[in-house]
Amino acid sequence: MTEQAIRDWLVGFVAELLAIEPAEVDPAATMEALGVDSATTLVLASDLGELLGRTIPPTELLDHPTLAALAGHLARQPSAV
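This write-up is about the structure you can find in this document. Residue positions are given per chain, counted from 1 along the sequence in the order it is written. Totals for whole chains, interfaces and linings use every residue, but because this is a predicted model, local features are given only for residues with pLDDT of at least 70 and side-chain atom pairs only at 80 or more, for both listing and counting. Heavy atoms throughout the structure, all of them, feed into the side-chain values; hydrogens and water do not.

Here's the deal with the packing of helix α1 (residues 3-18) against helix α3 (residues 38-52)
Okay, so step 1: Comment: axis = line fitted to C-alpha atoms, over the contacting stretch for helices; angle = value between 0 and 180 degrees taken between N-to-C directions. A helix here means a DSSP run of H or I that spans at least four residues, while a strand means a run of E at least two residues long, and both kinds are numbered starting from the N terminus. With their axes 12 Å apart at the nearest point, α1 and α3 run at an angle of 145° to one another. In the crossing of α1 with α3, the sense of the turn from one axis to the other is right-handed. Between α1 and α3, the contacting residues are Ile-6, Trp-9, Leu-10, Phe-13 and Leu-17 on the first element and Thr-40, Val-43, Leu-44, Asp-47, Leu-48, Leu-51 and Leu-52 on the second.
Okay, so step 2: Under the scheme applied, nonpolar residues are Ala, Val, Leu, Ile, Met, Phe, Trp, Tyr, Cys and Pro; charged residues are Asp, Glu, Lys and Arg; polar residues are all the others, including Gly. Its residues assigned to classes, the contact of α1 with α3 shows 10 nonpolar, 1 polar and 1 charged. For any helix crossing, the convention is left-handed if the near helix is rotated counterclockwise from the far helix by under a right angle, and right-handed if that rotation is clockwise. Throughout, a residue-residue contact means that at least one pair of heavy atoms, one from each residue, lies within 4.5 Å.

Considering the packing of α1 against helix α5 (residues 67-75)
Okay, so step 1: Two elements in contact, α1 and α5, have axes separated by 8 Å at closest approach and are oriented at 140°. When the axis of α1 is compared with that of α5, the two are oblique. For the pair α1 and α5, the sense of crossing is right-handed. In contact with Glu-3, Ile-6, Arg-7, Leu-10, Val-11 and Val-14 of α1, α5 contributes Leu-67, Ala-68, Leu-70, Ala-71, Gly-72, Leu-74 and Ala-75.
Okay, so step 2: In terms of residue class, the contact of α1 with α5 is built from 10 nonpolar, 1 polar and 2 charged. Oblique is the label for every angle not falling under 35 degrees (roughly parallel), over 145 degrees (roughly antiparallel), or within 65 to 115 degrees (roughly perpendicular).

In structure tokens form, the structure reads like this:
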């Protein structure tokens, strides 16, 4: 998947989580600032793994604390799909 496609998916995930429009989600804001807590991180890592066809350790989300940074990182990683 492209970086933009992953970023769009992440924005949609957070928008749904917060019950807001995707346009209101700032991909440059930290996930913590967006309301992504530790329990949500686990769900997000699992859902991302399904989307990308590989295991996403929750630590990858912690190492890349914004949606934009995470999307860039994940786009550079190999996918099983």
